[in-house]
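Summary of structural features
Each chain, written out:
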Number of protein chains: 2
Amino acid sequence: MNRINRVALVGATHGNEFTGAYLIKKYEQYPHLIGRDSFETLTLFANPKAFEVGRRYIDKDLNRCFKIQDLENPTLSSYEDIRAKDINQILGPKGKSQVDVILDLHSTTANMGLTILLGNQHPFSLQFAAHLSLTYPEVKVCWAAPVQSTLLKSICEFGFVIEVGPVAQGVLNADLFQKTEKLVYTILDYLEAYNQGSISQTNSTLTLYEYVKDIDYPRNDLGEIQAMIHQKLQFRDYEPLNPGEPMFITFDGKEITYEGESTVYPIFINEAAYYEKGIAMCVTEKRQVSV
Amino acid sequence: MNRINRVALVGATHGNEFTGAYLIKKYEQYPHLIGRDSFETLTLFANPKAFEVGRRYIDKDLNRCFKIQDLENPTLSSYEDIRAKDINQILGPKGKSQVDVILDLHSTTANMGLTILLGNQHPFSLQFAAHLSLTYPEVKVCWAAPVQSTLLKSICEFGFVIEVGPVAQGVLNADLFQKTEKLVYTILDYLEAYNQGSISQTNSTLTLYEYVKDIDYPRNDLGEIQAMIHQKLQFRDYEPLNPGEPMFITFDGKEITYEGESTVYPIFINEAAYYEKGIAMCVTEKRQVSV
């Protein structure tokens, strides 16, 4: 990328993730907070109707509605399908977007602290992530390929998701709100410095958690959950899970262990919104990437 | 009460409070776990449709549908109104109920640990609560008068709510699940001992948190929230809040302090389901009651 001209800050893509929703409301009221000299910053409150009723979505998950075929399919007419097409008009069209960077602010019931989900492993994305984790050591960096093309951030090449947690759906946590806000400013300042050519090129190593696969809850033939995340794994996102270590516990107290062949690093452990998606956690591999 | 003949264990009164929901599912499958010699134990899965879609309710809060006038009002026909009338047939009718004790299993995003909400201050209720907090010192006991008559547990005189937290809506927390289960057995064993006349009458003192009032979030003219629970108050349920201490923090970082005249003990701090009810927390007074 030569130069960043427009940046979009997005919140309330899921209506019950209040951190991003209330940050966008704040920025709509005080746009000078996110203004920078060298680029324009837009805000987008993505799913107002879901926010109003305090739910993730009205008809379907908005953040799975951005496949190019779906955006071009006139027969898709749920609230979120229409909203996705509207957003694609405002920020897109996908592939030829009017914005250079999208920052989509999410929250999770998993203990993921401050996480950046990359859209790709382009050198710009990796350098950006490396810089952030250097200046804000709490930040974890992930890359998850599978659902990329369905996400709102996929409208433009440099789309990033911020995930913060743990926080319950429908709740504001002041500590996470303030940390997310600080991270947004760090990011905007980085983009400004990038435009000004004042990013020092240093050789550094980035710790990247790379998606391997989803793991579902044990279920019976009716699809009903038969076990919970084990106490020893709960809130242990980004920590190593070794073969033989407890992963689930059944309702009558039997342990179910991780039967993989190598150490993995689970994330999105016990995310409320993923029960219906058949995901108890996503396992990642931890890699060191030279940037 | 002379003798307990029937006890009802209720879960999923709110469809996204999974602890109670999955406990009831377990007990439906293994009824011997809740059977006791001297009384019959029923289970009720209160709001199956809301559970299915992972929401608190479909049309309205089921746990505010049990006012006697509403149960008798044939024009009320929302899903929850009809469900309330059905439940009143199964466990009630209210005032002449077929069950002697109701135990309604709830969860909360507030840090309320294991809490029992009493329906009244009848000597039986107070002795029961005193016994529980002696045998299970983690248990806190509250009494909240205002909405009593609208709750499911109000179908019978000795209706109790168990609140456990903090846990996000739509999430199972193994630790809280197991603690709640242990508490249920402790309660059933107490009721069994009561019937057998083997409860030793000891003079004891019960710590009772008595409801004083609700406090709402600071809001603007449109009703929009203007501040969050302060970091220093978050997760501090049952701890003293003194005049002048921080209660909220605005989105631009200004502290709002508690301006009451005496020390209070807030509970339900930052409960997700109460945002729409205009409740940021309930404040209580801490009393010692001789039992």
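The rules behind the values
Residues numbered from 1 in each chain as written. Chains lettered and ligands numbered in written order. Predicted model: local features only at pLDDT ≥ 70, side-chain atom pairs only at ≥ 80, totals over all residues. Heavy atoms only, no water. Helix = DSSP H or I, 4+ residues; strand = E, 2+ residues; numbered from the N terminus. Rg over C-alpha atoms; globule rule 2.2 N^0.38 Å. Buried < 20%, exposed > 50% of the residue type's maximum accessible area, 1.4 Å probe, protein only. Contact = heavy atoms within 4.5 Å. Areas by Shrake-Rupley, 256 points an atom, 1.4 Å probe, with all protein chains shown as cover. Lys, Arg positive; Asp, Glu negative; His and termini not counted. Charge placed at Lys NZ, Arg CZ, Asp CG, Glu CD. Least-squares fit on C-alpha atoms with pLDDT ≥ 70 in both. Domains from an automatic or database assignment. Buried area = accessible area lost by both parts, 1.4 Å probe. Salt bridge = Lys/Arg side-chain N within 4 Å of Asp/Glu carboxyl O. Polar contact = N/O pair within 3.5 Å; in protein donor to acceptor, adjacent residues only side chain to side chain. Nonpolar A, V, L, I, M, F, W, Y, C, P; charged D, E, K, R; others polar. UniProt positions renumbered as here; feature names shortened; annotations may be inferred. Pairing = 2+ DSSP bridges. Axes fitted to C-alpha atoms, helices over the stretch in contact; angles between N-to-C directions.

Points about the overall build of chain A
Helix and strand counts for chain A stand at six helices and twelve strands. For 291 residues, the compact-globule formula gives about 19 Å, and the C-alpha radius of gyration of chain A, at 19 Å, lands near that figure. Expressed along its principal axes, the backbone C-alpha trace of chain A runs to roughly 60 × 50 × 35 Å. Within chain A, the proportion of its 291 residues that are buried is 57%. For chain A, the share of sequence-separated contacts (at least 6 apart) that also reach a separation of at least 24 residues comes to 72%. In the form shown here, chain A has an accessible surface area of approximately 11800 Å², with 48% of it arising from carbon and sulfur atoms. Chain A carries 27 positive and 36 negative side-chain charges, and their two centres are separated by 2 Å.

Observations regarding the environment of B:Arg55
On the secondary structure map, B:Arg55 appears in the loop between helix H2 (48–52) and helix H3 (68–71). B:Arg55 gets classed as partly exposed once you look at its relative accessible area, which sits at 22%. In the structure, B:Arg55 is positioned 228 residues away from B:Val283 in sequence and 26 Å away in space, judged by C-alpha atoms. When sequence neighbours within four positions are dropped, the list of residues in contact with B:Arg55 reads A:Arg55, B:His14, B:Gly15, B:Asn16 and B:Ala50.

A look at the relation of the copies chain B and chain A
Expressed as a screw operation, the relation of chain B to chain A combines 0.0 Å of axial shift with a rotation of 180°, fitting to an RMSD of 0.0 Å. The two molecules are tied by a two-fold rotation axis, judged by turn and shift. Of every C-alpha in chain B, the one belonging to B:Ala168 sits nearest the axis of rotation, 2.2 Å from it. The share of interface residues of chain B whose copies in chain A are also at the interface is 100%, consistent with both copies meeting through the same surface.

Re the domain arrangement of chain A
Residue and element names in this part refer to chain A. What the domain assignment reports for chain A is domain 1 (6–202) and domain 2 (210–283). When each unit is reduced to the centre of its C-alpha atoms, the spacing between domain 1 and domain 2 is 27 Å. On the side of domain 2, 15 residues touch domain 1, which itself brings 21 residues to the contact. Of the roughly 1500 Å² buried where domain 1 meets domain 2, counting both sides, 56% is carbon and sulfur surface. The three residues of domain 1 that bury the most area against domain 2 are Thr109, Asn111 and Met112, which together make up 29% of that side's buried surface. Counting every contact that joins domain 1 to domain 2 gives one salt bridge. One can count ten residue pairs in polar contact (both at pLDDT 80 or more) joining domain 1 with domain 2. Among the elements that take part in the side of domain 1 that touches domain 2, strand E5 (residues 139–143) stands out by supplying three residues, more than any other.

Overview of the interface of chain B and chain A
Of the residues lining the interface, 31 residues belong to chain B; the matching set on chain A comes to 31 residues. Considering only the surface of chain B that becomes buried against chain A, B:Leu172, B:Met228 and B:Phe251 emerge as the three largest contributors, covering 21% of it. Remark: the boundary between chain B and chain A carries two salt bridges. Of the charged contacts, one joins B:Lys25 and A:Glu224 as a salt bridge, the two residues approaching to 2.9 Å between their closest N and O atoms. Linking chain B to chain A there are ten residue pairs in polar contact (both at pLDDT 80 or more). If you list the elements that add at least two residues to the side of chain B that touches chain A, you get helix H1 (18–29), helix H6 (174–195) and strand E8 (227–229) of chain B. It is H6(B) that contributes the most residues to the side of chain B that touches chain A, five residues altogether. Partitioned by chemical class, the residues of the side of chain B that touches chain A number 15 nonpolar, nine polar and seven charged.

Let's talk about the UniProt feature "binding site: substrate" (unreviewed entry) in chain A
All names here are of chain A. In the UniProt entry, the feature "binding site: substrate" (unreviewed entry) is given for Arg56, Asn63, Arg64, Glu163 and Tyr274. Structurally, Arg56 can be placed in the loop between helix H2 (48–52) and helix H3 (68–71). Not counting chain neighbours up to four residues away, the residues in contact with Arg56 comprise Thr13, His14, Gly15, Asn16, Glu17, Asn47, Ala50, Asp61, Glu271, Ala273, Tyr274 and Lys277. Only 3.2 Å separates the side chain of Arg56 from the side chain of His14, close enough to count as a polar contact. By the secondary structure assignment, Arg64 is in the loop between H2 and H3. For Arg64, a relative accessible area of 24% gives the class partly exposed. Leave out the neighbours within four places in its chain, and Arg64 touches Val147, Thr150, Leu151, Tyr274 and Lys277.

Focus: the sheet that holds strand E9 (residues 246–250) of chain B
Residue and element names in this part refer to chain B. The strand order E8-E9-E10 describes an open sheet built from three strands, whose pairing is antiparallel. Edge strands, defined here as strands with exactly one partner in the open sheet, are E8 and strand E10 (255–257). On average, each strand axis in the sheet is inclined to that of its neighbour by 35°, with strand direction left out of account. Strand direction decides the pairing type here: E9 and E10, joined by three bridges, are antiparallel. Looking at the pairing, Ile249 lines up with Glu255 of E10.

With respect to the environment of B:Thr41
All names here are of chain B. Among the structural elements, Thr41 can be located in strand E2 (residues 40–45). Considered as a pair, Thr41 and Val7 are 34 residues apart in the sequence and their alpha carbons are 4.8 Å apart. If sequence neighbours within four positions are ignored, Thr41 has contacts with Val7, Leu9, Ile34, Gly35 and Leu188. One polar contact links the side chain of Thr41 to the main-chain carbonyl oxygen of Ile34, over a distance of 2.8 Å.

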